There are 2 protein chains.
Amino acid sequence: MSGTSVEADAENIIRAITPSLDPNRYKGQAGKIAVIGGCREYTGAPYFAAISALKIGADLSHVFCTKDAAPVIKSYSPELIVHPVLEESYSVRDEEKKFIAEKVLAEVDKWLERFDCLVIGPGLGRDPFLLDCVSEIIKHARQTNIPMVIDGDGLFLITDNLHLVSNYPLAVLTPNVNEYKRLVKNVLLAEIDEQDASKQLLSLVKRIGGLTILRKGRADLISDGETVQSVSIYGSPRRCGGQGDILSGSVAVFVSWARRQGLATDGNLATSPFTHSPKNPTILGCIAGSALLRRAASLAFENKKRSTLTTDIIEFLWRSLEDISPAH
Amino acid sequence: MSGTSVEADAENIIRAITPSLDPNRYKGQAGKIAVIGGCREYTGAPYFAAISALKIGADLSHVFCTKDAAPVIKSYSPELIVHPVLEESYSVRDEEKKFIAEKVLAEVDKWLERFDCLVIGPGLGRDPFLLDCVSEIIKHARQTNIPMVIDGDGLFLITDNLHLVSNYPLAVLTPNVNEYKRLVKNVLLAEIDEQDASKQLLSLVKRIGGLTILRKGRADLISDGETVQSVSIYGSPRRCGGQGDILSGSVAVFVSWARRQGLATDGNLATSPFTHSPKNPTILGCIAGSALLRRAASLAFENKKRSTLTTDIIEFLWRSLEDISPAH
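Predicted, not measured: the structure shown is a model, and the values here were computed from it.

**Q** Got a minute to help me understand the relation of the copies chain A and chain B in this structure?
**A** In this structure, two copies of a chain are linked by a rotation about an axis accompanied by a shift along it. Between the two copies, chain A and chain B, the superposition gives an RMSD of 0.1 Å; the rotation angle is 90° and the shift along the axis is 0.1 Å. The transformation relating the two chain copies, once decomposed into turn and shift, fits a four-fold axis. Relative to the rotation axis, the C-alpha of Ser-75 of chain A is the closest in chain A, positioned 4.6 Å from it. Looking at the interface residues of chain A, only 3% of them are also at the interface in chain B, so each copy uses its own face.

**Q** Sorry, what's going on with the interface of chain A and chain B here?
**A** Where the parts come together, the accessible area they lose is often given as the size of the interface. Between chain A and chain B, the contact holds 37 residues from the first and 26 residues from the second. Buried surface at the junction of chain A and chain B, both sides included, amounts to about 2,800 Å², of which 55% is carbon and sulfur. Among the residues chain A hides against chain B, the three largest losses belong to Pro-23, Pro-78 and Glu-79 of chain A. Together they make up 22% of the total. For the interface between chain A and chain B, the tally reads 1 salt bridge. Asp-59 of chain A is the salt-bridge partner of Arg-238 of chain B, the closest N and O atoms lying 3.3 Å from each other. Inspection of the region where chain A meets chain B yields 13 residue pairs in polar contact (both at pLDDT 80 or more). Counting residues per element, the ones that place at least two in the side of chain A that touches chain B are helix 2 (44-56), helix 3 (69-76), strand 4 (81-86) and helix 12 (317-324) of chain A. Looking at the side of chain A that touches chain B residue by residue, the class counts come to 19 nonpolar, 9 polar and 9 charged.

**Q** Explanation requested: the sheet that holds strand 7 (residues 171-173) of chain A in the structure shown.
**A** The strands making up a sheet are joined through hydrogen bonds of the backbone, oriented either antiparallel or parallel. All names here are of chain A. What the 10 strands build is an open sheet, ordered 1-10-9-8-7-6-5-2-3-4; its pairing is mixed. The sheet is open, and its two edges are formed by strand 1 (6-7) and strand 4, each paired on a single side. The strands touched by helix 2 within the sheet are strand 2 (32-36) and strand 3 (60-66), with strand 3 carrying the most contacts at an inclination of about 170°.

**Q** I'm lost on the layout of surface pockets in this one. Help?
**A** Over the atoms, a rolled probe matching the size of one water molecule traces out where space is still vacant. Residues and elements named next belong to chain A. Counted as a void, the second largest pocket has a volume near 700 Å³. Lys-216, Gly-217, Asp-220, Arg-239 and Gln-243 are, among the 25 residues lining the second largest pocket, the residues nearest its centre. For the lining of the second largest pocket, the secondary-structure elements that each account for two or more residues are helix 7 (177-188), helix 9 (243-263) and helix 10 (281-304). The class makeup of the residues in the lining of the second largest pocket is 8 nonpolar, 11 polar and 6 charged.

Thresholds, definitions, all that
Residues numbered from 1 in each chain as written. Chains lettered and ligands numbered in written order. Predicted model: local features only at pLDDT ≥ 70, side-chain atom pairs only at ≥ 80, totals over all residues. Heavy atoms only, no water. Least-squares fit on C-alpha atoms with pLDDT ≥ 70 in both. Contact = heavy atoms within 4.5 Å. Buried area = accessible area lost by both parts, 1.4 Å probe. Salt bridge = Lys/Arg side-chain N within 4 Å of Asp/Glu carboxyl O. Polar contact = N/O pair within 3.5 Å; in protein donor to acceptor, adjacent residues only side chain to side chain. Helix = DSSP H or I, 4+ residues; strand = E, 2+ residues; numbered from the N terminus. Nonpolar A, V, L, I, M, F, W, Y, C, P; charged D, E, K, R; others polar. Pairing = 2+ DSSP bridges. Axes fitted to C-alpha atoms, helices over the stretch in contact; angles between N-to-C directions. 1 Å grid on protein atoms, 1.4 Å probe; cavity = no way out; pocket = protein on both sides within 12 Å on 5 of 7 lines; lining within 4 Å. Points joined across faces, edges and corners; volume = space filled by probe spheres on them.

Without other data, these values stay purely geometric and don't point to any function.
This is the structure we're talking about:
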C-alpha cells in the first residue's frame, strides 16, 4: 500500500451490506444501536445520532445519558429509549464516587450484550467523573466484542487514553479536522500533512494499532492500516453543527449490517459482488455512512439552501438509501 | 374445534363494530381509553398506545404513569390526559410503601369507572413496587368489569401472577414471540410449537382459563378457547420498536366498540352481518386492531420504506380505517 487513497465504490457497498427486508424477521434483527452521550449541556447530538440510526433502518435505538439530559432527549422523539443513568461530578460527592461509578456500570451492563454497535461521544461533555465511567463502559464493551464508533467528546477521552481502543479492530474513530489534529499531535508528534494525507492517516492507524479511522474532510478518508479509501461525492456546502452525529449513527448501523452479513463466514464480507473493494466490516460501514450522509445533505441543501439544518438532512436519509438500495 | 385457524373476515368485522358518527352523540361516547404505563426509562410506548386510540376515533385517552414520565409524555402531545400517579421503588422508603400504594390506588380508582378499556403494560418497567400497585389496579378494574388489554411489561407481571387474569373474559393478552415463549413455558411447561401453533394457542387459553390471547407473529393468531382466528393480511417488513403499542391501543378501542354494539343484547355482537364470524367482543376487537395496524403499516412503508417508524404508521391509522369504514 503506497499511501494513496482509492475512491470507494460506495453505492455497491451500500447495496451489498444493506439487509433485505424479510417478513420472517422479528424486532431487533435489523439492528439495535446505543448512543452513550448527552449531559446537562448537550442534548441535540445524541438525539441526532440515535434517530439517524432508526431512520436508516435499525429496529431499536437507545441513548444512555445523564439524568438532566434524559427528559429533553426523550421529548425530541418517542421512538428512542432513553436511560437516565450517567452522572456528572457536580451531582456526586467524592466519597460516593466509587459506589456511583459501579452503579452506572451495572445499569449499562444490563443492556450491553443486546447491542450490535455503540456510538460513544455525541454530546458526552468533558466532566472527569463521567469520562471515567465511560472509560469503564468502553472496556466492558470491548470484552463483549461490541463494535464502537467514537466521536466528539469520546475522541477527547480516547486521545489521552489510547489503550482503550488500540488493537481493537471493532473500534472506529470519526475525527473532524480539529479532533484529527489533536490525534496526530498526540500520536505522531506532528502537524497535519495535507500533501500526504493518506500516508499520514495510514501511519496514524498503524501507530495506534488495529482499528479504523474515518477522517472527515472535503473528502472523507478511511483507513484500517491496510488500505485508504476515500469518499468524495458531493454533499452540501452547509457546515451546520450536528452532521457528525448523523455520520456516527449511520456508521454504527452500517458496521452492524456489514458485520452481520459477514458473520456467516470469516467475519469479512464474503458475498461482496465487487472484487477491488475492502472486506473489513468497519471500513465498509464507514464508506456507506459517509456516502449516505453526503447524498442526504446534498438533497436537503437543494430544498432548504442556506437554511439547511441537521434535522433537514435526517429527513433525507431514507430517500438517499432508497435511491441506492430500494426496499423492494 | 380442531385446532386449526380460520382467516378472519377482518374488514367486515371492522365495518360492523365501528360506530357511526352521529351528531347527537356527545364527548366520550366513542370511547374513553386509559393506558397504565410509562416510567423513568420508558415514555414512548404509553404515548404510542394512547395516541393510537385517539387517532382511530376514541374521544378521550388517558395515561397513568410515574411522576418522572409524565412531563415527557405530556410534551409528546397536548391531546393526552396524563396522570403522574405511579411510583417506583427508588422514590419510596420502605416504611411509606403501604401508604403510598393506597394513595396510588385511590388516585386511579377515582377515574376507573369512566373508562371503556384499559391498556396495561406499555413502558411500565419492572420495578417490583410499581408492579405490586398495578396488580391491585388490575383487581379493581376486574371488579368494575372493565376490559383490559395487557402487553409488554404487563405480560411480565401476569405471567407470574396468572390469577390476575384467569377466568376474566374481558382480559386480552397480546404477546410477541418472546412474551409468548415465556407464557407457554410457564403455563404449558413446553416450548413453542410452530407446527401446531393454533392447537397450542387453544391449549394455552384453556389452561389459563376464560380470556383472549392475540399471539403476534407473521400471522396474528387470536383465540378465546373456543375458536382460533388468524389475521395474515400483509403489513410491513419493518420491525421497528413501538408497533406493539399501536396494536394494544387499537385493540382497546375496538374491544370497547364491539362491546358497546353488543351491550344492547347479550354481550355478544348480535347485529353482525356475517354468520360465520365469532361474536365475542374481545375476539372481534383483536381482529380489527390487528388488521388495521397491518394496513396502516403497509401504507406507511410504501411512503417511508426502511425509514418507517412507529410515528409514521400512526399517521396512517385514519386512512386505513377510512378506506374500510368511511366516516360518511
